[in-house]
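Survey of secondary and tertiary structure
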Amino acid sequence: MFEKTPYPENLDERYALGEAQLSALIDPSYEEVTNDANSAALFASLIDNINWVGFYYLRDDRLVLGPFQGLPACSVLPAHKGVCWKAVDDQKPVYVDDVLSFPGHIACDAASRSELVVPIFDHGKIIKVLDIDSAVPDRFSGPERDWIIRCAQLLSRKSSV
Ligand code: SME
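The shown structure was predicted, so the numbers you read here are calculated from the model rather than taken from an experiment.

Take the site of the ligand next. Around the ligand, the neighbouring residues are Trp52, Tyr56, Leu77, Gly82, Val83, Cys84, His105, Ile106, Cys108, Glu115, Asp131 and Asp133. Note that a nitrogen atom of the ligand is positioned 3.4 Å from one of the side-chain N or O atoms of His105. One nitrogen or oxygen atom from the side chain of Asp131 is found 3.3 Å from an oxygen atom belonging to the ligand. When isolated, the ligand has an accessible area of 310 Å², and the protein chains bury 99% of it. Judged by the fraction of its atoms near the pocket grid, the ligand is located in the largest cavity.

Written out as structure tokens, the structure reads:
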């Protein structure tokens with residue numbers, strides 16, 4: 001659904017290039033929102049077959065919408081419900097291959113069928129999550145999932161908060 005930069009077809013090459021671009025784009029001296037807006041745009045142009053990618057910031061007992069690409073989404077995710085909160089509560093990435101069978105899944109885009117949520121830490125505490133949705137069931141079963149998780153770690157280290 002997103003405009004694509006002509007990235008290499010070969011996924012190893014594509015993601016090596018993407019990781020280098022992400023590293024070059026984000027800078028701890030920039031505002032958090034600046035780094036995250038560019039990261040969301042990069043993911044949207046790089047990763048095939050996704051319909052939403054963005055951030056939710058952890059603010060007390062709420063997850064609030066941050067920079068994203070895709071349809072307008074829920075502004076606030078109430079505590080301990082849905083896939084994003086599961087990643088916060090479990091303190092680790094959550095992959096749902098079929099969102100229709102995930103109890104409590106919050107459907108911001110009715111087209112979504114699979115979802116990957118990766119928590120992002122600052123000094124050992126979760127500060128936000130990276131959320132990626134696809135209209136394709138079981139979209140993130142392959143090695144791209146590991147790449148996305150690695151990129152989230154890069155964002156952790158380079159967060160300015
Ligand atoms: N599906 C998420 C809500 C956020 S949207 O997908 C953008 C959830 O269940 O937490």
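In terms of burial, strand S5 (residues 114–122) is a largely internal element, eight of the nine residues being buried. Bridging between strand S4 (residues 94–96) and S5 involves three bridges; their strand directions are antiparallel. What sits directly across from Val96, in S5, is Glu115. Looking at chain direction, S5 and strand S6 (residues 125–134) are connected through nine bridges and run antiparallel. Among the inter-strand pairings, Pro119 is bridged to a residue of S6, identified as Val129. The turn joining S5 and S6, which pair antiparallel and follow one another in sequence, is formed by two residues; a positive phi near 50° is taken by His123.

Attention now moves to unusual backbone geometry. Although it is not a glycine, Asn49 adopts a positive phi angle of roughly 55°. Within the fold, Asn49 resides in the loop between helix H2 (32–46) and strand S1 (52–59). Here Asn49 falls in the exposed class, since its relative accessible area comes to 52%. Unusually for a residue other than glycine, Asp60 sits at a positive phi of about 55°. Note that Asp60 resides in the loop between S1 and strand S2 (62–70).

On to the packing of aromatic side chains, then. In this description, a pair of aromatic rings is defined by centroid distance and the angle of the planes. Taken as a whole and judged by the stated rule, the model has five aromatic pairs. On the numbers, 5.2 Å between centres and 15° between planes, the contact of Trp52 with Phe68 is stacked. In this pair, Trp52 is assigned in strand S1 and Phe68 in strand S2, connecting sequence segments 16 residues apart. Judged by its relative accessible area of 27%, Phe68 is partly exposed. A centroid spacing of 6.2 Å and a plane angle of 85° characterise the contact between Tyr95 and Phe140, whose relative ring orientation is edge-to-face. With Tyr95 in strand S4 and Phe140 in the loop between S6 and helix H4 (144–157), this pair connects stretches of sequence that are 45 residues apart. Looking at Tyr95, the relative accessible area reads 22%, which means it is partly exposed. Here a set of aromatic residues connected by ring pairs shows up, and it is made of Tyr15, Phe43 and Trp147.

Moving on, we get to the nonpolar core. Counting residues in each nonpolar core, the largest one holds 29 residues, and the members touching the most others are Leu22, Phe43, Ile47, Leu130, Ile132, Trp147 and Ile148. Those residues within four positions of Trp147 in sequence are excluded, and the remaining contacts are Tyr15, Gly18, Glu19, Phe43, Leu46 and Ile47. Counting residues in each nonpolar core, the second largest holds 17 residues, with Leu63, Val83, Ala87 and Phe102 among its members.

Structurally, Asp146 can be placed in helix H4. Classification of Asp146 as partly exposed rests on a relative accessible area of 48%. Along the sequence, Asp146 and Asp36 sit 110 residues apart, while their C-alpha atoms lie 19 Å from each other.

The rules behind the values
- Every chain's residues receive numbers from 1 upward, in the order its sequence appears when written.
- Restriction of local features to residues with pLDDT of at least 70 applies here, the model being predicted, together with a cutoff of 80 or more for giving and counting side-chain atom pairs; totals for whole chains, interfaces and linings are based on all residues.
- Where side-chain values are given, they derive from all heavy atoms of the structure, hydrogens and water being excluded.
- The cutoff for a nearby residue is simple: one of its non-hydrogen atoms must lie within 4 Å of the molecule or strand.
- Polar contacts here mean pairs of N or O atoms no more than 3.5 Å apart (in protein, one a potential hydrogen donor and the other a potential acceptor; neighbouring residues in sequence count only if both atoms are side-chain atoms).
- Note that accessible areas follow from Shrake-Rupley with a 1.4 Å probe, and for residues the cover is restricted to the protein chains shown.
- Buriedness for pockets is judged along seven lines, at least five of which must meet protein on both sides within 12 Å for an open set on the 1 Å grid over protein atoms alone, while cavities are sets there where a 1.4 Å probe fits but cannot get out, and lining residues have an atom within 4 Å of a point.
- A cavity or pocket is said to hold a molecule if more than half of that molecule's atoms lie within 2 Å of its grid points.
- Type-normalised accessible area, obtained with a 1.4 Å probe on protein chains alone, sets the label of each residue: buried when under 20%, exposed when over 50%, and partly exposed for intermediate values.
- Helix and strand labels come from DSSP, where a helix needs a run of H or I of at least four residues and a strand needs a run of E of at least two; each type is numbered from the N terminus.
- Pairing between two strands is assigned when DSSP locates at least 2 bridges connecting them.
- Note on aromatic pairs: the rings of Phe, Tyr and Trp (six-membered ring only in Trp) are paired at centre separations within 6.5 Å, and the planes decide the class, stacked below 30 degrees, edge-to-face beyond 60, tilted for the rest.
- In this description, a nonpolar core means a group of buried Ala, Val, Leu, Ile, Met, Phe, Trp, Tyr and Cys residues linked to one another through side-chain atoms lying within 4.5 Å.
- We call two residues in contact when some of their heavy atoms are within 4.5 Å.

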